[in-house]
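Examining the three-dimensional arrangement
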Amino acid sequence: MSTSVYLSTADLLLAGVIRGAGGAWPRACAWLLRHELEMAMDRFWAWACPDIGRTTAQRPKLLLLRHYAGPELGCRAGYLWWALSRAGHHHPYELGITAGELARLRTELIDVVALLDRAQERQGRAFTQ
Amino acid sequence: MNDTLVLYQELTHHLRHAATPHAAADLVLAAFHGDQTLDAVLAGESLLPTPEAAEVGGDTPQAFLEEIRVAGFRGIGQPVTVGRLPKSRLTVFVGRNGSGKSSLAEAVEYMLTEDSLRWAQRPPAFRDGWRNLHHRSAPEIRLGLRLDSGEKVTLHRTWPAGTADLDASTLTTTRDGMELPPGQVSQWTGNAARYRPFLSARDLERVMTAKPSELYDAIAPLLGLGPLREADARLQRRRKVYDDRVKAVKAAFTELREQLGKVDDDRGRDALTALGTQAGRANLTRLADLARSDTAASEEHAAAAARRLTEQELPDLGPALAALTDAETALRTATGTDSGAAHRAAELLRGALDLHRDRGDGPCPVCRVGTLDPNWRTAAEEEVTRLAAAAEAVRAAQQAYANAERAVDRLIGDIRRLLEPAAAALATHLPTQCTAVRDALAALGPGPATWDRVTAAHADLVTAATDWLAQRYDAWREPGAAIRRWVDAATRVYADAPALALLTQARTALDKADKAIRAERLGSFAAQSNRVWQKLRQESNVELHHLRMEGTNNTRRVLFPAAADGVETNALAVMSQGELHALGLAVFLPRACAEASPYRFVIIDDPVQSMDPSKIDGLAEVLRDVALTRQVIVFTHDDRLPEAIRRLDIEADIRQVTRREGSIVEVRKTCDPADRYLDDARALVAADIPDEAKYLMVAGFCRSAIESVSMDRYRAAQHHRGTPYQQIQDALGGIHTVKDRLSLGLFGRIVPRPELFARLDRDHGTKASRTVQAVAKAVHGDRTMPVAAMVANTAALVSGLR
């Protein structure tokens with residue numbers, strides 16, 4: 001997978017080299033990473049079932065992913081999306097996500113995106129048959 | 001005013017109030033001044049009216065925290081400077097666990113106390129973590145303090161780069177830019193341990209984990225009664241000197257009685273009588289006399305006789321007896337067998353001579369043969385002269401004998417007069433020898449054997465009397481000296497009695513004053529604690545009564561009497577974790593804010609832990625109250641406290657602490673999360689980031705700003721209506737989209753989208769609904785509004801929603 005602009009921006013933020021980004025980075029990173037995940041899922045749905053891909057709500061798409069990509073990957077993607085969403089939204093009484101949490105989520109994201117992209121190749125044939 | 005002076009005046013007031021006699025009151029105050037003054041007053045000098053300011057120490061400065069700079073310490077790598085801390089007001093540092101906020105708090109704590117409670121009770125491994133491993137340069141902590149006098153004091157602690165030894169630091173203190181030599185660093189910097197202007201979770205836990213005596217020791221110094229304790233110790237030390245003397249005299253009294261009981265003569269018995277049965281009532285004059293003289297009255301006679309006996313020579317009867325024998329022999333020789341005949345012949349011749357003179361020559365009338373003639377006459381006259389001389393010799397011998405006999409009689413009389421009284425006087429003590437002497441004396445006569453018997457008996461008696469005297473002297477030497485010593489000591493104790501009584505009176509007065517002042521001060525401390533508890537208590541069923549300090553020495557402890565649902569109990573037994581935490585705050589916050597503390601700031605690390613949401617409102621109010629007179633700096637790991645502060649409209653300076661990889665800690669000031677998000681959004685607009693990513697992020701911050709202000713608005717409105725806290729939280733927790741949150745903020749409930757947009761456009765300008773929709777869509781990558789316009793519109797909407 002080629003490094004997208006979102007992921008590379010997130011990496012720059014994590015490394016702390018973007019001038020002017022100050023303390024804004026944890027939440028912004030989460031959005032960028034979540035968007036990266038959503039794009040990977042969009043690619044999966046566009047291939048696996050374009051009808052589902054056209055839905056704007058993420059929740060049904062994540063639930064259906066378990067059927068299309070297998071329960072394990074579905075769960076992992078679901079959890080990742082939930083964690084990134086949570087970090088990205090303003091929650092009363094909760095502070096921004098920490099660098100450590102972000103780094104862990106980033107690693108998970110790379111794995112999940114790779115698995116989603118590979119699932120198209122592996123399981124694609126089964127669906128077309 | 002100076003604390004010691006205040007205490008001195010309180011003490012003076014209490015002594016006067018209790019109508020303490022002047023002498024005792026002066027002594028108490030002198031003891032308060034110090035050893036020298038106390039000794040002077042005890043010696044009779046008069047007390048100065050008030051202590052000199054210099055004598056009791058200068059005024060304590062009041063220090064405010066202005067700036068904290070930390071590098072390479074615990075979670076902080078690169079230098080972080082937290083500056084412009086408001087002098088009075090609340091400052092809240094918000095950061096996630098591990099963001100470095102506690103490191104800031106601990107840096108201040110370590111700076112001032114050279115220790116940290118966090119480490120003090122932990123294994124050494126905890127302590128070893130002081131150094132930040134991401135930081136290669138020299139670790140440092142720098143505190144900028146501003147004194148009420150306007151002077152700026154900077155405490156700067158640095159470690160050599162690369163050292164692992166926490167104790168290897170050097171501290172430099174500068175005052176208005178001038179470096180102070182190590183010895184001149186003000187005393188008050190060492191008071192941090194006493195007032196502990198830091199309250200960490202560990203401090204707060206101390207109400208449960210500390211031993212009762214530790215808790216007591218933590219609170220006792222706050223009452224500032226140290227000088228009273230010292231004064232009492234001074235009085236006690238002097239009293240002890242007297243007490244010890246009294247005790248020694250009493251102990252010696254018993255010993256002396258035992259010792260005298262063992263002396264088997266009348267002196268001992270006399271001394272015991274003079275001693276009596278109570279040390280305080282002994283007849284010292286009589287005892288002194290007894291100790292000086294070595295004789296009891298009843299034995300004076302015998303002892304005198306014995307002494308005379310040993311001192312006087314016995315007259316020698318021997319030569320007189322010899323003279324008598326000689327005179328007797330001479331007399332016997334002179335009056336031989338013919339002595340009578342010679343006398344008679346002389347008489348016959350004198351008669352014949354008279355006849356011859358009368359008749360002249362003629363025949364002898366006796367023999368009738370011879371003739372009396374002149375020849376006969378010459379011979380007869382010679383014969384008569386010779387016979388007269390012989391008679392004279394006999395008379396002389398008779399006279400000499402009589403004289404010798406008288407001499408012997410006189411000597412015997414002398415000897416009897418000498419020995420008989422002595423024998424009589426000593427008869428009870430030396431019966432055998434006395435009887436022997438008396439018997440010998442009775443038999444004493446001209447016979448030399450009787451005299452020999454007397455001399456032998458006398459010699460025995462003298463030896464015995466000498467021994468008796470020596471033994472009496474030895475037997476009394478020890479008790480006599482003991483009596484003298486005791487009399488000396490007792491005389492001194494009698495002389496001390498007024499001083500001792502005065503000291504005792506002074507201590508009683510001081511103790512009373514101490515109790516009264518302690519009660520007053522503890523009362524005010526407990527009242528402060530109670531006020532804090534009342535605020536924090538909220539829905540707790542535990543009602544805290546005034547804390548009490550009880551016991552002394554090993555039994556000292558602090559009691560927290562409480563009532564749970566009206567039943568009396570001990571607070572520690574019935575409180576939950578969160579309540580104990582609140583109790584810890586109630587106990588230690590007044591301590592940290594003690595009026596006498598030189599620290600005008602108090603640092604609280606994570607007070608929110610395990611507190612109910614409702615208690616957090618109370619906490620915010622408590623902090624607001626403290627912040628009226630103190631600089632309050634709070635570190636917290638979640639946003640509940642800042643939220644309560646915003647909602648209760650408490651003036652506060654809120655700063656966010658974040659920590660990046662490599663221990664880069666950043667502190668950003670923010671008053672409101674919405675403003676913070678907008679600042680972030682603006683910063684991103686200007687940042688050098690690819691447009692797609694930038695759009696996503698800017699929209700994200702705009703969305704967060706709208707969400708934040710909507711939720712605050714909903715919360716404030718519901719709070720105002722009296723909706724229970726949890727219910728508000730539950731309502732907010734169930735809503736996730738920006739539109740629904742906006743709907744809650746505007747309507748207090750979820751409304752259909754068209755209604756929401758209509759209200760937005762009506763009340764907040766036509767761009768409002770467009771902006772909200774643009775922000776909402778942006779998360780899916782739809783870019784429908786330029787980022788600069790989106791931020792500006794959002795800012796307008798946010799300020800409209802406030």
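In every chain, residue numbers begin from 1 and rise along the written sequence. Each chain gets a letter, beginning with A, and each ligand a number, beginning with 1, in the order they are written. Two thresholds apply to this predicted model, a pLDDT of at least 70 for residue-level local features and 80 or more for giving and counting side-chain atom pairs, whereas whole-chain, interface and lining totals are computed over all residues. Excluded from the side-chain calculation are hydrogens and water; included are all heavy atoms of the structure.

**Topic: the sheet that holds strand S6 (residues 170-175) of chain B**
Residues and elements named next belong to chain B. DSSP bridges decide pairing: two strands pair if at least two such bridges lie between them. A run of H or I in DSSP becomes a helix once it reaches four residues, and a run of E becomes a strand once it reaches two; helices and strands are each numbered from the N terminus. Sheet architecture is open: 6 strands sit in the order S2-S1-S4-S5-S6-S7, paired in antiparallel fashion. Either end of the sheet is taken by a strand with one partner, and the two such strands are strand S2 (80-82) and strand S7 (178-180). Averaged over all neighbouring strand pairs, the angle between strand axes comes to 20°, with direction disregarded. Where strand S1 (residues 63-71) meets S2, 3 bridges bridge the pair, whose relative direction is antiparallel. The residue of S2 that forms the bridge with Arg69 is Thr81. Between N-to-C directions, angles span 0 to 180 degrees; the directions come from axes that are lines fitted to C-alpha atoms, helices contributing only their stretch in contact.

**A look at the nonpolar core**
Grouped together as the largest cluster of nonpolar side chains are 86 residues, with contacts concentrated most on Leu11, Leu90, Phe560, Leu583 and Leu641 of chain B. Two residues qualify as a contact provided that any one of their heavy atoms is within 4.5 Å of a heavy atom in the partner residue. Leu90 of chain B has contacts with Leu623, Ala627, Val632, Val634, Ile645, Ile650, Glu651, Ala652 and Asp653 of chain B, leaving out every residue within four places of it along the chain. For the purposes of this section, nonpolar cores are sets of buried Ala, Val, Leu, Ile, Met, Phe, Trp, Tyr and Cys residues that join through side-chain atoms within 4.5 Å. A simple rule labels every residue: compare its accessible area, found with a 1.4 Å probe on the protein chains alone, to the largest value its type can have, and call it buried under 20%, exposed over 50%, or partly exposed in between. Ranked by size, the runner-up nonpolar core spans 80 residues in total, among them Leu73, Ala87 and Leu102 of chain A together with Leu678 of chain B.

**So, the confidence of the model for chain B**
Residue and element names in this part refer to chain B. Per-chain confidence: chain B averages 82 in pLDDT, with 93% of residues scoring 70 or above. For every residue, the predictor assigns a confidence score, pLDDT, that lies between 0 and 100. The model gives residues 52-58 a pLDDT under 50, and that stretch makes 8 contacts with residues more than four places away or in other chains. Interface confidence for the predicted complex, expressed as ipTM, amounts to 0.84; the pTM equals 0.56.

**Re helix H14 (residues 300-311) of chain B**
Within an α-helix, residues lying three or four positions from one another point in the same direction, as the helix has 3.6 residues per turn. Residues and elements named next belong to chain B. The terminal C-alpha atoms of H14, which comprises 12 residues, lie 16 Å apart, in line with the 16 Å expected from a rise of 1.5 Å per residue. The set of residues buried in H14 consists of Ala302, Ala303, Ala304, Ala305, Ala306 and Leu309. Residues of H14 that are buried make contact with helix H17 (374-426) and helix H19 (448-537). Expected helix span is computed as 1.5 Å times (number of residues minus one).

**Focus on the layout of surface pockets**
Taken as a whole, the second largest pocket encloses approximately 950 Å³ of empty space. Cavities and pockets were defined on a 1 Å grid built from protein atoms only: a cavity is a group of points that admits a 1.4 Å probe but offers it no way out, a pocket is an open group of points flanked by protein on both sides within 12 Å along at least five of seven lines, and a lining residue is one with an atom within 4 Å of any such point. In terms of lining residues, the second largest pocket is bounded by 30 residues, among which Arg34, Trp81 and His89 of chain A together with His736 and Thr737 of chain B are the most central. Contributing elements (two or more residues each) for the lining of the second largest pocket: helix H2 (25-48), helix H4 (58-69) and helix H5 (71-88) of chain A together with helix H27 (738-747) and helix H29 (767-778) of chain B. For the lining of the second largest pocket, a count of residues per class yields 9 nonpolar, 11 polar and 10 charged. Grid points are joined across faces, edges and corners, and a volume is the space filled by probe spheres set on the points. Just so you know the grouping, Ala, Val, Leu, Ile, Met, Phe, Trp, Tyr, Cys and Pro go in nonpolar, Asp, Glu, Lys and Arg go in charged, and all remaining residues, Gly too, go in polar.

**Looking at helix H5 (residues 101-113) of chain B**
Residues and elements named next belong to chain B. Helix length check: H5 (13 residues) gives 19 Å between terminal C-alpha atoms against 18 Å at 1.5 Å per residue, within 8%. Taken across its 13 residues, H5 has 13 buried, putting it largely inside the fold. Two residues or fewer after H5 comes Glu114, characterised by a positive phi angle close to 55°.

**Looking at the packing of H17 of chain B against H19 of chain B**
Helix-helix packing is characterised by the crossing angle of the two axes and by the distance between the axes. Residues and elements named next belong to chain B. The interhelical angle for the contact between H17 and H19, taken along N-to-C directions, is 40°, at an axis separation of 12 Å. In terms of orientation, H17 and H19 fall into the oblique class. Considering the relative orientation of H17 and H19, their crossing is left-handed. Counted together, Ile415, Leu419 and Leu426 of H17 and Trp451, Val454, His458, Ala465 and Trp468 of H19 form the full contact between these two elements. Residue composition of the contact of H17 with H19, by class: 7 nonpolar, 1 polar and no charged. Any angle from 65 to 115 degrees is called roughly perpendicular, while one under 35 is roughly parallel, one over 145 is roughly antiparallel, and all others are oblique. What makes a crossing left-handed is the near helix being turned counterclockwise from the far one by less than a right angle; a clockwise turn instead makes it right-handed.

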